[in-house]
There are 6 protein chains.
Amino acid sequence: MALVKMVEYAEAAPEVRAVYDDIMATRKTAGVNNFWKTLASHPPTLSRIWNNVKQVMAAGTLDALTKEMIYIAVSATNNCEYCQYSHTFAARKAGMTDTMLAEVLAVAALANETNRLANGYRIDVDAAFRPQF
Amino acid sequence: MALVKMVEYAEAAPEVRAVYDDIMATRKTAGVNNFWKTLASHPPTLSRIWNNVKQVMAAGTLDALTKEMIYIAVSATNNCEYCQYSHTFAARKAGMTDTMLAEVLAVAALANETNRLANGYRIDVDAAFRPQF
Amino acid sequence: MALVKMVEYAEAAPEVRAVYDDIMATRKTAGVNNFWKTLASHPPTLSRIWNNVKQVMAAGTLDALTKEMIYIAVSATNNCEYCQYSHTFAARKAGMTDTMLAEVLAVAALANETNRLANGYRIDVDAAFRPQF
Amino acid sequence: MALVKMVEYAEAAPEVRAVYDDIMATRKTAGVNNFWKTLASHPPTLSRIWNNVKQVMAAGTLDALTKEMIYIAVSATNNCEYCQYSHTFAARKAGMTDTMLAEVLAVAALANETNRLANGYRIDVDAAFRPQF
Amino acid sequence: MALVKMVEYAEAAPEVRAVYDDIMATRKTAGVNNFWKTLASHPPTLSRIWNNVKQVMAAGTLDALTKEMIYIAVSATNNCEYCQYSHTFAARKAGMTDTMLAEVLAVAALANETNRLANGYRIDVDAAFRPQF
Amino acid sequence: MALVKMVEYAEAAPEVRAVYDDIMATRKTAGVNNFWKTLASHPPTLSRIWNNVKQVMAAGTLDALTKEMIYIAVSATNNCEYCQYSHTFAARKAGMTDTMLAEVLAVAALANETNRLANGYRIDVDAAFRPQF
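Here, residues in each chain are numbered from 1, in the same order as that chain's written sequence. Each chain is given a letter, starting from A, and each ligand a number, starting from 1, according to the order in which they appear as written. Owing to the predicted nature of the model, reporting of local features is limited to residues with pLDDT of at least 70; listing and counting of side-chain atom pairs is limited to 80 or more, with chain, interface and lining totals taken over all residues. Only hydrogens and water are removed before side-chain values are computed, so all heavy atoms of the structure are retained for them.

**Examining the relation of the copies chain F and chain B**
Test applied: Each copy is superposed on the other by least squares, with the fit set by C-alpha atoms of residues at a pLDDT of at least 70 in both. By definition in these notes, contact holds between two residues if any of their heavy atoms fall within 4.5 Å.
Relative to chain B, chain F is turned by 120° and slid 0.0 Å along the rotation axis, the superposed coordinates differing by an RMSD of 0.0 Å. In short, the pair behaves as if placed about a three-fold rotation axis. An asymmetric contact is evident, with only 8% of the interface residues of chain F recurring at the interface of chain B.

Written as structure tokens, this is what we have:
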């Protein structure tokens, strides 16, 4: 159970409804999920985070599915249960198969392993890897 | 300076040289970088980790560049300086532009932010996000 | 369910009861919560951690509520469910409103984002930020 | 050395200069620090992150110094060298003494310790700590 | 509920059964636990991770119980619920008492605390601690 | 360079000298390292942390070297440069060989990998792993 009360559409203030409407229109869904209903307990956070998500997760030079998979890799690293479920759901809607999920998690998990070997041994960066400007 | 002495090719035991040779052949490079020279202080680790990296980072249903970008997102999350430099170098060789790097880091950083909002508020997972088998 | 059996007051050894008594007297509560009952499975840890918490979380140059909010920000970062619930409860008793909680989590989440941008890009520290002694 | 080239004011595009100007005006400084010069390699990120920082770190129900101290606690937890130096500098300008810094870090470090005891033992949340709505 | 369907022995492909058989033979158990049944949704990951675990966790210069305790300390640090339960179970079978578990978690938790003091204050490494080769 | 000025013995207040003397007597060294000189900027933290370290890291049911190795595994996970150097130095004095260090880091790194597979797939804990009291 969340630490604050979720805000349902019927009881929401106009500024919150406006964000909910934009989320539903952008995502073509009939409601908003618990993440947004919880953030709505503090409208400036709701509005700010939605604007960030909308901008950052939209297709750019990377397509939207690639961005979802990067998001999953980070959430697995940080152990965010909510984010794992919600973004795996979103990525599957965008075409991610179980094999693709397996590859995302395999890379994320391996990076977590090699990160600790590099940090644990305190390995010096090779001069060749430093960019030249 | 690393916590153990790095192993140069000229002084390496045959089992280490065999791994070095495979790394250079696979990557078409004239040497191996400090990460491998350090792991070579314990040959079973060198061989094991190389086999994992070779298998996991090869193109599969995800292409090799996408995997490098996932690796960068995780390394930024974990703050692995060595991995940031080495895998940004590798990703650029595979075609990553500065704009693509910016999008990788923007998604990774945003996920780090929203992970803490979801975890911080202890938001319950929506029933709709749980898979049905 | 915890990995060890919790120790209830009725069955506790004198050294454990003494710590429980001090916790209840300090906090003006009628019992101790699961955290302490679990640590009591190893009395030296119970005693040591309580002494640390008592000293560190007491009002100093920072008031006790500010310390609770810092504690919440760290627990959200590390994803400690138990700590989120127990310290949000404590902070609310000390006067934290939902808006204050929202600001704590907004700052914590933003720091998690910008930490990864600074670490991900490997940005050099400005000379002006280094202290002069 | 950062992974991308920093953008100096003299060479910056108008959209980047506009953000730099707003940073300098808001903070009453004669230049911008390396964090912003690096983010400027991707102007949408520069603009987006600055707007987030400006909104979140401004005084609200929590004063600006309290927010800086929360930011320091999170950055110490995540090991962000850049953020530690830049936000300790900012917090000192806002009145943080060495004793206050010591208390911030003591709370942050203790939370990191107790987070692992709670998570390591998998302690169940007390019913009394769950909010009632 | 896991994000992918677990693979039971009766329905498993021969390559998966071969790994399950090796796990049961190595561990002298009558079945495999959920971790392996989940990884089996992607057979190359199942096989690869099992080979890593089998090699790394076997007795070497460190005995198997010491390795299990190190594994517990890391899992407590990363907050892996599954790993805490499964490896505490394994360590107890190998002889770990509640007092030993308490010492493992006390050291892990203290390291999490002092890591943040060292990183938070940005303390320079003493020259005497750097190895000489 | 640390964020606060280190306190040298010659200039230390009596309460700080007393802690320094105890560190040197306990460890049979002729001085104290930078960690303690930095904490001494806030004497209550110096005294408190030293008492914790002295108690927790002393031989108990686990010997002191095993505790040092657990400490190294956690510090590699958290990326604490200072702690890696200082505790590897201490562990080597207590008899840790390069092969033992390699095994510590291999277990720590593998745990970091499997932690993310378990968390990433959200695997349910097997009923058999839950303790019965």
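After that view, the rundown keeps rolling.
**Quick word on unusual backbone geometry**
Cut-off, in case you're wondering: The helix and strand labels rest on DSSP assignments: H or I over at least four residues marks a helix, E over at least two residues marks a strand, and numbering proceeds from the N terminus.
The phi dihedral of Lys28 of chain D falls on the positive side, at around 55°, and the residue is not glycine. With respect to the helices, strands and loops of the structure, Lys28 of chain D is situated in the loop between helix H1 (14-27) and helix H2 (34-39). Even without being a glycine, Arg122 of chain E presents a positive backbone phi close to 55°. Secondary-structure assignment places Arg122 of chain E in the segment after helix H6 (98-121).

**Some thoughts on the state of the cysteines**
Residues and elements named next belong to chain A. Filter applied, for reference: In what follows, a disulfide is any cysteine sulfur pair within 2.5 Å. Each residue's exposure class comes from its accessible area (1.4 Å probe, protein chains only) as a fraction of the maximum for that residue type: buried when under 20%, exposed when over 50%, partly exposed otherwise.
Under the definition given, this model contains six disulfides over all chains. Between the sulfur atoms of Cys80 and its disulfide mate Cys83 the distance is 2.3 Å. Residues Cys80 and Cys83 share a disulfide whose torsion about the S-S bond is about 50°; that sign makes it right-handed. Like Cys80, the residue Cys83 is buried in the burial classification.

**Details of the pattern of salt bridges**
Applicable threshold: Salt bridges are defined as contacts in which a side-chain nitrogen from Lys or Arg sits within 4 Å of a carboxyl oxygen from Asp or Glu.
Applying the stated criterion to the full structure yields 30 salt bridges over all chains. A salt bridge links Asp98 of chain B to Arg92 of chain B; the nearest nitrogen and oxygen atoms lie 2.9 Å apart. Relative accessible area serves as the criterion here: at 27%, Arg92 of chain B is assigned to the partly exposed category. A salt bridge links Glu103 of chain F to Lys67 of chain E; the nearest nitrogen and oxygen atoms lie 3.6 Å apart.

**Here we look at the confidence of the model for chain A**
Just so we agree on the cut-off: pLDDT measures how confident the predictor is about each residue, on a scale from 0 to 100.
Summary statistics for chain A give a mean pLDDT of 97 and a share of 100% for residues scoring 70 or more. On the interface metric, ipTM, the complex scores 0.97, and its pTM is 0.98.

**Quick look at the environment of Asn119 of chain A**
Within the element layout of this structure, Asn119 of chain A appears in helix H6 (residues 98-121). Using a relative accessible area of 6% as the deciding quantity, one classes Asn119 of chain A as buried. For Asn119 of chain A, the contacting residues outside a window of four places in its chain are Asn78, Asn79, Cys80 and Glu81 of chain B together with Ala76, Asn79 and Gln84 of chain F.

**A few points about a negative patch on the surface**
Definition in use: Like charges are joined within 9 Å and nonpolar side chains (Val, Leu, Ile, Met, Phe, Trp, Tyr) within 5 Å, but only among residues with over 30% relative accessible area and no salt bridge; these make up the patches. Using a 1.4 Å probe, the Shrake-Rupley method yields the accessible areas, and only the shown protein chains count as cover for residues. Counting rule for charge: Lys and Arg are taken as positive, Asp and Glu as negative, and neither His nor the chain ends is counted. Note that the charge is assigned to NZ on lysines, CZ on arginines, CG on aspartates and CD on glutamates.
Residues Glu81 of chain A, Asp124 of chain B, Glu81 of chain C, Asp124 of chain D, Glu81 of chain E together with Asp124 of chain F make up a contiguous surface patch of negative charge. Checked against the element boundaries, Asp124 of chain B lands in the segment after helix H6 (98-121). Given the relative accessible area of 40%, Asp124 of chain B is considered partly exposed.

**A few points about the interface of chain F and chain B**
What counts, and what does not: Two N or O atoms form a polar contact when they lie within 3.5 Å of each other; inside protein one atom must be a possible hydrogen donor and the other a possible acceptor, and for residues adjacent in sequence the pair counts only when both atoms belong to side chains.
With twelve residues of chain F at the interface, the matching set in chain B holds eight residues. One can count zero salt bridges joining chain F with chain B. Here chain F is connected to chain B by three residue pairs in polar contact (both at pLDDT 80 or more). Contributions of two or more residues to the side of chain F that touches chain B are made by helix H5 (81-93) and helix H6 (98-121) of chain F.

**Remarks on the environment of Ala109 of chain F**
Positionally, Ala109 of chain F belongs in helix H6. Look at Ala109 of chain F and you get buried, because its relative accessible area is 1%. Taking the C-alpha atoms as reference points, Ala109 of chain F and Leu65 of chain F, 44 residues apart in sequence, are found 19 Å from one another. Filtering out sequence-adjacent residues up to four positions away, Ala109 of chain F remains in contact with Glu113, Arg116 and Leu117 of chain A.

**Some remarks on the relation of the copies chain B and chain A**
With an axial shift of 0.0 Å and an RMSD of 0.0 Å, the rotation relating chain B to chain A amounts to 180°. Here the two chains are linked by the operation of a two-fold rotation axis. Counting the interface residues of chain B, we find that 100% of their copies in chain A are interface residues as well, pointing to one common contact surface.

**Considerations on the environment of Asp22 of chain C**
All names here are of chain C. Tracing the sequence through the fold places Asp22 in helix H1 (residues 14-27). On the basis of relative accessibility, which here comes to 26%, the residue Asp22 falls in the partly exposed class. Considered as a pair, Asp22 and Val32 are ten residues apart in the sequence and their alpha carbons are 10.0 Å apart. When near neighbours in sequence (up to four residues on either side) are disregarded, Asp22 contacts Trp50 and Lys54.

**Describing the side chain of Asn34 of chain D**
The topology assignment puts Asn34 of chain D in helix H2. In this view, Asn34 of chain D contacts Ile123, Asp124, Val125 and Asp126 of chain C together with Met6 and Tyr82 of chain D; residues no more than four positions away in its chain are not counted.

**Details of the packing of aromatic side chains**
Defined as follows: Within 6.5 Å between ring centres, the rings of Phe, Tyr and Trp (the latter by its six-membered ring) count as paired, and their orientation is classed by plane angle as stacked under 30 degrees, edge-to-face over 60, tilted in between.
Applying the stated criterion across every chain yields a total of 36 aromatic pairs over all chains. With 5.0 Å between their ring centres and 50° between their planes, Phe89 of chain A and Phe129 of chain B make a pair best called tilted. Taken together, the residues span two chains, with Phe89 of chain A in helix H5 (residues 81-93) and Phe129 of chain B in the segment after H6. Ring centres of Phe129 of chain A and Tyr82 of chain B lie 6.3 Å apart, and the angle between their planes is 80°; this geometry places the pair in the edge-to-face category. With Phe129 of chain A in the segment after H6 and Tyr82 of chain B in helix H5 (residues 81-93), the pair connects residues from two separate chains.

**Topic: the nonpolar core**
A general tendency of soluble globular proteins is for nonpolar side chains to be buried together. Stated precisely, the cut-off is as follows: Remark: nonpolar core denotes a set of buried residues (Ala, Val, Leu, Ile, Met, Phe, Trp, Tyr, Cys) joined through side-chain atoms within 4.5 Å.
In terms of nonpolar packing, the biggest core is built from 312 residues, with Trp36 of chain A, Trp36 of chain B, Trp36 of chain C, Trp36 of chain D, Trp36 of chain E together with Trp36 of chain F touching the most fellow members. With residues up to four places along the chain from it excluded, the contact list for Trp36 of chain F reads Tyr20, Ile23, Arg27, Leu46, Ile49, Trp50 and Val53 of chain F.

**Section: the interface of chain B and chain A**
Spelled out, the test is: Put simply, buried area is the surface a 1.4 Å probe can reach on two separate parts but cannot reach once they are joined, added for both.
Facing the 66 residues of chain B at the interface are 66 residues of chain A. For the chain B and chain A pair, buried surface summed over both sides reaches about 6000 Å², with 69% attributable to carbon and sulfur atoms. Considering only the surface of chain B that becomes buried against chain A, Val107, Tyr121 and Phe129 of chain B emerge as the three largest contributors, covering 11% of it. Applying the counting rule to chain B against chain A returns four salt bridges. One salt bridge in this structure joins Glu113 of chain A and Arg48 of chain B, with 3.4 Å as the shortest N-O distance. Taken together, chain B and chain A are joined by 28 residue pairs in polar contact (both at pLDDT 80 or more). Contributing elements (two or more residues each) for the side of chain B that touches chain A: helix H2 (34-39), helix H3 (43-57), helix H4 (64-78), H5 and H6 of chain B.

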